[in-house]
Structure formats: structure tokens, C-alpha cells
Amino acid sequence: MSRLLMSVCVGLMLTIGTSTLHASRQLNVVVILDNSGSMKGMMNRSESKIDAAKSALMQVLDKSPATSQVGVLLLNPGPQGDWLIPLGPIDRANLQRSVASLDADGNTPLGAKMKVAADALLQLREANRYGTYKMLIVSDGEASDPDLVQQYLPSIQARGILIDVIGVNMAQKHSLATQTSTYRNANDPNSLAKAIGDVVLGESSASPDDAAGQTDFEVLAALPDQVAMASLAALTAASNDPIEKSQDWVPDESSTSSHGSSAPANSGHRSPPPPKDKSPISMFQILVFIFIFAAIARAVFANLKSKR
């Protein structure tokens, strides 16, 4: 392929990329909201945790851009099923009625709902092909299905979905605190509203923008054409397959953590450990480095061959 043709191709791809840059900053978020029985407990003297969560949701969803793709998934089915708000453009006409119907009852099947949320986000990404996809867990206790949490967590993160956790008025950090993109404590209604807003409105610290504020496409623009094309191809080839159980997963029988337990949700599992710390380098940048290295290696070999 001639350099001119390649330049045209890259130009077209970057044009498409620029048009999808807006989509990359579009909100694609599923909030997993704990509506178990413990959320009836008081967060302060005048307001329960579930009422504080309802107020926070109303504040944040009201401020979300019209182009947002936001869903609110409940741990226990409400009057309208598992989804308090289906993932997609927010139906503002019915937003207040939907949130007002929210009540707290039941246990904490967090692992099962993480799969539901992840699959919904992956299906959306399959249609959009690009963008940032987040899962926000808002909970006041540990999962009643910790084995599923630990089994699904690596697969979800490996697909590039960011997971943020807010611990609602918890005596100690949630067991996911060291395993996810961000963790925040919220011990009063104002801090809960701010924490939900920080994540849902796009202020997660695990942004695809790097520390210098460069976007993915700003990084691409400075690369050789061939490297940029290969990087874009890799970006659009991310797996959107549904999350599945690992075939070699062996549950830890000693793990019997129940809702509200202060013990870690899981210990001694034989599954691969999830990443413990977020990396300052995004997956995209790692791919770029790999392609740059490959391009340099090819150039060196070609030069050596021409000298023979």
C-alpha cells in the first residue's frame, strides 16, 4: 500500500475517530444500586440510606447530558423488575416516578448482578464500537454471592469495563476497594450525592485520558500512519462477548460471607487474582507501545536485510 493511500486511510479513520470522540466521552454507565434490607438503616438522624440514595440519583441523573446512556440495576427486583432505569437514554418524564418507587428489601446478590450489568454494557459497546463503559456499585454491605463476584471480576475488567465502588456508611472499606478502578466512602447524604456524581458524570479517576490530559486520538495523531492504523484496528477489536463462568473455577467452601458482614467477601480462592492497583497507563497506550515496538523491529530487520 502506497504511503499516499495509507495517509488517506488514516485520515479517514481519524475523521471517523474524531466523530466518535464525542461518543467516547458520552456517558455509558450502569449503576448497581444496593436496595437490600440493610439500606433501610439510617444514614443520619433524619434520613435512611435508601432515601439518601434516591435523592442522590435524582440529583445526578437530572444533571446528566441528554446523550447519556445510563441504567440503574437493582440487587433485588422492584415494581418494574431488576432495572429501575433501563440502560439507554434517560426517560426524564418518568424519572421521578421510577426513583420514587424504589424500596429496600432482600439480600445482596452482587455477583449475579455484576454479570447482568456487564453484559448490558458489552451489548451497548458492540453497537457503538467505541467509548468508555463504567459500572458503579453503590452498596452498604458485602455480597451474599462472593464466589460469583470474584469469578466475574477479572473477566469484566479484562474487557475494559471500569468498575467504581461507593461504600455507603460502612464501618470499613468494601472488600472490592483494592480490586476496582476507584473506591469512595460516603458517610452522609451530601458525600453520597457527590460520589455518585463524580463517577456517573464522568470524573472517574480511571479515565481513558492520560495523566497529561491527552485523549486517545491526540496520541494517535502523533504516530506513524502504519502504527496508527494498526492501533485503531486493535481498538475496535475488543471482545464484547458476554461474561461467562470460568471452567476451572473452584469455589471456596469456607467463604460464607452474608450481607452486612464485616469480613472480607472472599479469601483463598483458586482463581487468578484480579488486578490490585489501577495502572496510570491505559490499555490503549500499552497497545500503542506494542505496535511502535513492532514497527521499529520491522524497520531494523528491513535495514539489515537491505545491507546484505
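The structure we're discussing is the one just above.
Computed from a prediction, not measured in an experiment: that's the story for all the values here.

K.L.:
Honestly, helix α4 (residues 110-128) in this entry has me stumped. Any pointers?
P.N.:
Helical geometry: 3.6 residues make up each α-helical turn, so side chains three or four residues apart lie on a common side. The end-to-end C-alpha distance of α4 is 27 Å, a good match for the 27 Å that 19 residues give at a rise of 1.5 Å each. Within α4 the residues assigned to the buried category are Leu 110, Gly 111, Lys 113, Met 114, Ala 117, Ala 118, Ala 120, Leu 121, Leu 122, Leu 124 and Arg 125. Looking at the packing, one finds that the buried side of α4 touches β1 (28-33), β2 (69-78), β3 (81-88), β4 (134-139), α5 (146-158) and β5 (162-168). The positive-phi residue at the C-terminal boundary of α4 is Arg 129, with phi of around 75°.

K.L.:
Which parts of the structure should I look at to understand the pattern of salt bridges?
P.N.:
Side-chain pairing between opposite charges can occur once the charged atoms of the two side chains come close. As enumerated under the stated definition, the model contains five salt bridges in all. The salt bridge partner of Asp 140 is Lys 49, with a shortest N-O separation of 2.8 Å. Within this pair, whereas Asp 140 is found in the loop between β4 and α5, its partner Lys 49 is found in helix α2 (residues 49-63), the two being separated by 91 residues in sequence. Judged on exposure class, the residue Asp 140 and its partner Lys 49 are both buried. Taken together, the salt bridges that share partners define one network made up of Arg 184, Lys 194 and Asp 198.

K.L.:
Explanation requested: the sheet that holds β4 in the structure shown.
P.N.:
Working definition: the strands of a sheet are paired by backbone hydrogen bonds and lie parallel or antiparallel to each other. The six strands lie next to each other as β3-β2-β1-β4-β5-β6, forming an open sheet whose pairing is mixed. Each edge of the open sheet carries a strand with a single partner, namely β3 and β6 (182-186). Across the sheet, the mean angle from the axis of one strand to that of its neighbour is 15°, orientation sign disregarded. Direction of pairing for β4 relative to β5: parallel, over a ladder of six bridges. Bridged to Lys 134 within β5 is Leu 162.

K.L.:
Please clarify how the pairing of β6 should be interpreted in this entry.
P.N.:
The side chains of a regular strand alternate between the sheet's two faces. For β6, the buried fraction is high: four of the five residues fall into the buried class. Across five bridges, β5 lies against β6 in parallel orientation. Bridge assignment links Gly 167 to a residue of β6, and that residue is Asn 185.

K.L.:
Got a minute to help me understand a nonpolar patch on the surface in this structure?
P.N.:
On the surface, a cluster of nonpolar side chains totalling about 400 Å² of accessible area is made up of Ile 296, Val 300, Phe 301 and Leu 304. Note on placement: Val 300 falls in helix α9 (residues 283-307). By relative accessible area, Val 300 is classed as partly exposed at 43%.

K.L.:
I tried to follow the nonpolar core on my own but got confused; where do I start?
P.N.:
The tendency in soluble globular proteins is for nonpolar side chains to be buried side by side. Ranked by internal contacts, the top residues of the largest apolar core, which has 34 residues, are Val 138, Ile 166, Leu 192 and Ile 196. Of all elements in the fold, only β1, α2, β2, β3, α3 (92-100), β4, β5 and α6 (189-200) reach the threshold of two or more residues within this core. Ranked by the residues each element gives to this core, the list is headed by α2, at seven residues. The residues contacting Leu 192, other than those within four sequence positions of it, are Met 43, Ala 52, Ala 53, Ala 56, Val 138, Ile 166, Val 168 and Ala 186. Core analysis: the next-biggest nonpolar cluster, separate from the first, contains 27 residues, Ala 118, Leu 122, Met 135 and Val 149 among them.

About the thresholds
- Residues numbered from 1 in each chain as written.
- Predicted model: local features only at pLDDT ≥ 70, side-chain atom pairs only at ≥ 80, totals over all residues.
- Heavy atoms only, no water.
- Helix = DSSP H or I, 4+ residues; strand = E, 2+ residues; numbered from the N terminus.
- Expected span 1.5 Å × (residues − 1).
- Buried < 20%, exposed > 50% of the residue type's maximum accessible area, 1.4 Å probe, protein only.
- Contact = heavy atoms within 4.5 Å.
- Salt bridge = Lys/Arg side-chain N within 4 Å of Asp/Glu carboxyl O.
- Pairing = 2+ DSSP bridges.
- Axes fitted to C-alpha atoms, helices over the stretch in contact; angles between N-to-C directions.
- Patch = residues over 30% accessible without salt bridge, like charges linked within 9 Å, V, L, I, M, F, W, Y side chains within 5 Å.
- Areas by Shrake-Rupley, 256 points an atom, 1.4 Å probe, with all protein chains shown as cover.
- Core = buried A, V, L, I, M, F, W, Y, C linked by side-chain atoms within 4.5 Å.

Function cannot be read off these values alone, since they describe shape.
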